[in-house]
Structures are given as C-alpha cells and as structure tokens.
Amino acid sequence: MSNPGTQQAIRFPHRHLLGIKDLSAPDIDQILDLADSYVELNRQVDKKQNLLHGRTLINLFFEASTRTQSSFELAGKRLGADVLNMAVSNSALKKGETLIDTAMTLNALRPDLLVVRHQDSGAVELLAQKVDCAVINAGDGSNEHPTQALLDALTIRRRRGSLQGLLVAICGDILHSRVARSNIYLLNRMGARVRVVAPPTLLPAHIDRLGVEVHFDMREGLQDVDIVMMLRLQQERMHGAFVPSLREYFHFHGLDYEKLSRAKPDALIMHPGPMNRGVEIDSEVADDIDRSVIREQVEMGVAVRLAVLDLLSRNLPVNSSAAGAK
Amino acid sequence: MSVAATGYNSAPGTHLTAYVNARMIDPASGYDGPGELLTQGGLIVDAGPKLFTDGVPAECEIIDCAGQVLCPGLIDMKVFVGEPGAEHKETLESASLAAAVGGVTTIITMPNTDPVIDDISLVEFLKRRARFGALVNVHPMAAATQGLQGIGMSEIGLMRQAGAVAFTDGERAIANAVLMRRILSYASRYDALIVQHVEEPMLAEGGCMNEGEIATRLGLTGIPDAAETIMLERDLRLVQLTGARYHADQLSCAASVEIMRAAKRQGLPVSCGVSAAHLALNENDVGNYRTFFKLSPPLRREEDRAALVAGVADGTIDVIVSGHNPQDQESKRLPFAQAATGGIGLETLLSVALGCFHNGHISLCDLLARMTTNPARLLGLPGGKLSKGQPADLTLFDPGKSWIVTHNQVRSKSKNTPFEDRHLQGVVLRTVVAGETGFIREEV
C-alpha cells in the first residue's frame, strides 16, 4: 500500500505540535483526514511504511504512561523510524535541571522527532526552544495533551461524520486535566458545543471564559448531549482534598445508566484512560459495546500519532547539516 | 558610564560642592522649582531657589545640573541581595552598583539570606560588609521570626539596637496569628516596624500566577486575590489590638488598596508599598510561560494595576519599591511552576515609576515622595529631604529622556529583568551618596 498521505496536497505549517491552541480548523481537519487513512493501514497485516526510514524518534517521558507512549512507539516503528524510549526518573535530581540537561544531551543525539511528556505546564514548550528537532507534546502538566484531543475527535468523527453542532459534556476533574483543555479548544474550534460537569472544587477559575457551559449536576449537564467524555479522577485528589470520598464522588459524578439516561439515546461514552471503575464510571457502562467507544479511542490513538509524525516529518530538514547542534 | 572607585565613606572631610541650575524637587517641603544646593563633606549645608547670589564660594566644586531634576537620593525599601549565601546571584557590591546606576542611594536588604539575618552578629556583619564594599547606604531588615520559620520570635530589641531598621519574614508571611499578635505587641515597645508579606500561605500554596482565565488557559495553579486580602485584613485587626506599626510590603490587587484606604481613614498606624513592576505590568505579560514575569505577589489583572496606580496617586500606598530579586539563569530557565519568583529592579525603579507621572496620574514631587521622604519616615532614617543637616544623598535625573533596557547594560549580577527590551522614560544622570558621586552617566 502506498503512503496514505501522498495523494493529498498537504501543507502543515507547524514545526512542532505543542498544543491544540496553535492549530486552525483546517490544520485539525488535515490531521484527522490523514489519520483516517492510517486507520486502514493499521488493520492490514503488513503495517510497515518507510516514510521515516533513517529518522530517529525519541519518546521522552518524565511521567509514566502506558497507552500514549506505546502508541507513539508503534506509530514510529510502523513508519520505519528508529525509536528510543527514555523514561526519566525524577526522584534524584531536581526536575527542572533534569529537563534542561536532558534536552541538551538529547539534542546531541540528533533525533528528528521528540515526543515529550512532563508533569509541568509549559515544560514541553520550554524544551522545544532548546532542541533542533520537531517536538510533540504528549502531555504537559495541566496544560495540553493535543494528540488525545485529536484521537477523541477522530473517534467522534468516524461515528458521527462531523463534530459540527454536536453537544459534548466533559465530566470530572477538569481542574487538573490537560485532556479537558485540549478537548475544549479543539471542540470549540470545530464547531461543537461544550459543557463541563464537575463539582466546583474540580473546576478552574473562569473556566466559562474558555467558551464552555458550566454544570455542577450530572443530570443537568448530560441532558441531551451527543457525547459524554469522562475524565480520570487521580488517586491523590480523591480523599478529602477536593472531594469528600470515593463513594460520594461516584454517587454524584460517576457515570451510571441512570445519569446516562439524560443524554441522547445514542450518545457515545468516552474515556481517555486509564479508568477508575466504580469511581468516575460504572463498570457496566464502560463495557457497554453499544455506547462505549473507549477501546476504539485507543485504536484511533495510533492512527492519529501516525498522522502527526507523518505531517511533522514533512517539515524536517532533508539536508543533515541543517539540523546542527546549537 | 563610570563609577567612582572609592566608597562614599572614605574621608568625610569638608569638601564643598555646589549644585547649580537645577530643577530642585524636595518632596518633604513640596518644593518643585529652580534651585541650588551646597554640600560640605557628607551633609547638605543649604538648599534654596537662589543660594549663590554673591557667587559660588571659592574652592568649591561646581556641578551644573543643566535644568534637570535634583532630588533626595532614592530609598528602596525592598531589595534582596544574595549575600550571604548566594553571591553568585548578587553581592552587596553588585547590588549597590545597580542601585547607584538607578539613582538609589539607600537600599534596605531583606533577611532571607543563607544564613538568615536573625541574629545581631549577622546584622553587624551586613553593616560591616556594606561599609567596605557598597557604593550606597545599606540598612538591613532582620527576620521577625527565628530562621524565618514562623515559630519563634527573633531578638527584635537587640537587633533593633544593632541597626536593623525593620522586621520581616521576607517573602514568607508570618502566618501564625498568635505569633503575629505577639510580634506586633512586643515590637511596639521598641517602636519597631513590622513588615508583612501579605499572602495567606495555604491559599497560595502551589500557586505561581494570578488566579483567573490566563492561569486556567496555561494550566497553572493560580493565587487568588483573597490570599492577600485575608492576610491583610487579619493583620489590620491585630494592629487594632496591639497598636503596633505595621507595613504591608507589597499590595497587588484593587481590593487590598481599598482595605488600606479604609484602615488609614480609621487612623491605624499602618502603611503599605507596591513594586514598580506592579504599577507597569499585568498578568497578560506572563504570555507563554515567561518566567521573568513570575513575581511574588503575582502580577494581577489590568484593573488591579490601575487601582494600584490610583492608590499611589492618592497616598493610600506610601512607598514604591523595586522588589529587586536577583535570580540566575538556572533558577529562571525552568518550567513556570518550578521557576524562582522575582525580578531585578534597582536599575529600572525610577524609570518605571515615572510612568505614573508621564501618564498624568501624579505630580513628579508626590511620586518622588514615595521613594524618598516616605520610606525615610517609616524607617526612621535620615535623608529623603533637601534641607540643612541632611545627608548629601542626591539623585540627578532627566525625567523625559528615553532608553531601552538591554541585557548587556544590566549591572546587576543576575539579568532577570521583566523590562528587558522595553522603552522606558527617565534617565539617571548622577547619583551622590554622602557628598561623593557614586555614579555619573557620561554618554548623555
């Protein structure tokens, strides 16, 4: 099979993918179109391409990740790149020193693509200023997780045809969530309407100014929505500090069939994973094959990352001397 | 530019200097007009519109001010120096050089050094180091609590005797209400000024910029206004209980200005300050995680900035400080949440503050009072006025001339100025400390 992208006139005017904030609607459409064609590639026996032959992709994860890291790894390998995974322990050194030091070290290894996850907002952008290669944000603090929003959009688009005019509820820990922010930016840009549903302690200040409707009550928030996006409640935030207890949280904010009944009958259920069953989502709802697209999201994750690597690699310098160390 | 090689303390002598042809501004008397001034050794002998009708005395050095503004040397009530403990960021010498370049003749140093200035020997150490290494006057503020730990009171009486001009925990609030009450109560007996960093620490925990839409968009933890107003209002109640002199070192929001305005109307013995940066910048300057704009208290909304300017103009805010806080590259080139707070400000204090005058909010004389007469009065220091017997600490500047802040020109050892590459208006021409010229700008 030929490279899915070659048939289309492609112009992706970005060196890095740092956030959805930087992308226009045509940019997003372009990524999703290309990702769509990669879905087919992934379903074939021979998934190998040579678009990134000779290129080096480094996965640099300052925070643990299973699905994001493995899907970037697979995407890189399927496109023929050499892939190196680096998990940086942040126990010994001060985190920031590790970041800059690591950036300089990595730069000397001359990667072409660098996928970075870091626990601090803005850290990936800072790193992008220090290296010569293309940088992809795989999640920074509570700021952005652009490929997650893109894979969510691809999942929805393949089920519903378009994002335009859909009503989407994002539910749970919005305050700490980079997934929520990237999704809010993307959905707004593509013409969907967004609601956020959470207890007030898990909503950041002035979230309404990001162009979302704010609800504290799940039943109201889910009324007539097309899409229900659940967010993970992080262990350390569960007990006392932000919500009183797991059972109270599940009672008022966990997604079960009763609350889901307010949504449209064909509403899709999404979750970026990993799930806390019985905390933010009832196990049965999560596994409902008619409604839940949670596993499909994982599959779309690889396709979106293939598309992103493909697009960014088109802007990489061909001449080796152009990418000299600073 | 050049800087005199020797410190001001060498040979107090009887050297006469006449400053002629000045626009003399004396905030203490409210005088703003043509003026002449005579100094002998380290003191002002006389000042007035026309001193030398019979000619300048013989053997007198004459300095022609060319119609530029001559005012009391600036007193900066909030300066962090790296000495002792962080000399790679700033020494007393480099800070005093930056001060002289900025027209500042007296700096008040903050106690959060390593070791913390919480002992008479350290107060004396600082004063001794300053005597030999500094171009300008240096007066330490000492820690209000031992080791800045917020647990036990420091030796306020002894350190006051040793020369500490006020007591503060620097960038930490004295959070414990009982301890604060006792500190205020105890300090009142020595007429010592207690300076508070007005921020409720638990409400500000983990915060790195103003809480609001921008912090939300950047995914950063915000610090609400209430962290400041809660601490301020609590402290004002404790001042009512104790009658002590209290100074809120930096206000950052409109609500705080309103609270202080009311407290002053009630006649409480309270005062407050603001940094020049907070009069010129707002949270939008943080932009895309620009750590040079990570300050404490944080830059807030434009409405807050405007209210702070109004507070300076109507006298609610007593002093303008630089909040000079040198941080090296390693401390600032970090993800925003991890980066150190603070910006340098000695060299830009006057020019940035002059923005309030150029924008028509305040007269030049009233503006200068916030950096001369008022801090001198609060701290019980000489200076801040142009009259007989006062120290010959003087600043000569051109209020209208513009300049661009460039990295290479910064004299401070650390270069973390939030005003890098900005146009500012107002250039310091000459800084005189105890009768000796500590800095003179030559290229003008």
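Details of the structure are given in the entry above.
Quantities reported herein were computed from a predicted structural model and do not represent experimental measurements.

Draft legend 1. Looking closely at the overall build of chain A. Secondary structure assignment for chain A yields 11 helices and nine strands. In chain A, which comprises 326 residues, the proportion classed as buried is 59%. Partitioning the contacts of chain A with sequence separation of at least 6, the portion at a separation of at least 24 is 76%. For chain A, the exposed surface amounts to about 13,200 Å²; the carbon and sulfur share of it is 50%. Each charge sign in chain A was given a centre, from 38 positive and 40 negative side chains, and these centres are 3 Å apart.

Draft legend 2. Just the sheet that holds strand β14 (residues 246-248) of chain B, in detail. Residue and element names in this part refer to chain B. The strand order across the open sheet built from eight strands is β7-β8-β9-β10-β11-β14-β15-β16, with neighbouring strands paired in parallel fashion. Edge strands, defined here as strands with exactly one partner in the open sheet, are β7 (74-79) and β16 (319-321). Ignoring strand direction, the axes of neighbouring strands in this sheet form an average angle of 30 degrees. Where β14 and strand β15 (residues 270-275) come together, three bridges link them in parallel fashion. When the sheet's bridge partners are listed, A248 is paired in β15 with C272. Here helix α4 (residues 177-189) sits on the sheet in contact with β11 (194-196) and β14, set at roughly 150 degrees to β11.

Draft legend 3. Spatial organisation of the packing of helix α5 (residues 146-160) of chain A against helix α11 (residues 294-314) of chain A. Residue and element names in this part refer to chain A. Where α5 contacts α11, the two axes come as close as 8 Å, and the packing angle between them is 115 degrees. Note that α5 runs across α11; the crossing there is right-handed. Two secondary-structure elements touch here, α5 through T147, Q148, L150, L151, D152, L154, T155, R158 and R159 and α11 through E296, Q297, M300, G301, A303, V304, R305 and V308. Here the residues of the contact of α5 with α11 are counted per class, giving seven nonpolar, five polar and five charged.

Draft legend 4. The arrangement of the sheet that holds strand β2 (residues 82-87) of chain A in detail. All names here are of chain A. Spatially, the four strands line up as an open sheet ordered β2-β1-β3-β4, and their pairing is parallel. Looking at the sheet topology across the chains shown, the edges are occupied by β2 and β4 (134-140). Looking at each pair of strands side by side, their axes are set apart by 15 degrees on average, direction ignored. Bridging between strand β1 (residues 56-61) and strand β3 (residues 113-118) involves five bridges; their strand directions are parallel. Each bridged residue has a counterpart across the sheet, and for L60 the counterpart in β3 is V116. Against the sheet, helix α2 (residues 67-78) makes contact with β1, β2, β3 and β4, and its axis sits at roughly 175 degrees relative to β1, the strand it touches most. The strands touched by α11 are β1, β3 and β4; relative to β4, the strand with the most contacts, the crossing angle is about 145 degrees.

Draft legend 5. The packing of aromatic side chains, seen in detail. All names here are of chain B. Applying the stated rule across the entire model yields one aromatic pair over all chains. Relative to Y190, the ring of Y186 has its centre 5.5 Å away and its plane inclined at 45 degrees; by these criteria the two rings are tilted. Overall, Y186 belongs to the partly exposed group, its relative accessible area being 36%. We classify Y190 as partly exposed; its relative accessible area is 26%. Lying over the aromatic face of Y190, R189 brings its terminal NZ or CZ to 4.2 Å of the ring centre. Over the ring of F336 we find K294; its NZ or CZ atom is 5.8 Å from the centre of that ring.

Draft legend 6. Representation of the interface of chain B and chain A within the structure. Counting residues at the interface gives 16 residues for chain B, matched by 25 residues for chain A. Summed over both sides, the interface between chain B and chain A buries roughly 1,600 Å², with carbon and sulfur atoms accounting for 52% of that surface. Summed over the shared surface of chain B and chain A, the number is one salt bridge. There are nine residue pairs in polar contact (both at pLDDT 80 or more) connecting chain B and chain A. Per-class residue counts for the side of chain B that touches chain A are seven nonpolar, five polar and four charged.

Conventions adopted
- Residues numbered from 1 in each chain as written.
- Chains lettered and ligands numbered in written order.
- Predicted model: local features only at pLDDT ≥ 70, side-chain atom pairs only at ≥ 80, totals over all residues.
- Heavy atoms only, no water.
- Helix = DSSP H or I, 4+ residues; strand = E, 2+ residues; numbered from the N terminus.
- Buried < 20%, exposed > 50% of the residue type's maximum accessible area, 1.4 Å probe, protein only.
- Contact = heavy atoms within 4.5 Å.
- Areas by Shrake-Rupley, 256 points an atom, 1.4 Å probe, with all protein chains shown as cover.
- Lys, Arg positive; Asp, Glu negative; His and termini not counted.
- Charge placed at Lys NZ, Arg CZ, Asp CG, Glu CD.
- Pairing = 2+ DSSP bridges.
- Axes fitted to C-alpha atoms, helices over the stretch in contact; angles between N-to-C directions.
- Left-handed = near helix turned anticlockwise from the far one by under 90°.
- Nonpolar A, V, L, I, M, F, W, Y, C, P; charged D, E, K, R; others polar.
- Phe/Tyr/Trp six-rings, centres within 6.5 Å; stacked < 30°, edge-to-face > 60°.
- Lys NZ or Arg CZ within 6 Å of the ring centre and 35° of its normal.
- Buried area = accessible area lost by both parts, 1.4 Å probe.
- Salt bridge = Lys/Arg side-chain N within 4 Å of Asp/Glu carboxyl O.
- Polar contact = N/O pair within 3.5 Å; in protein donor to acceptor, adjacent residues only side chain to side chain.

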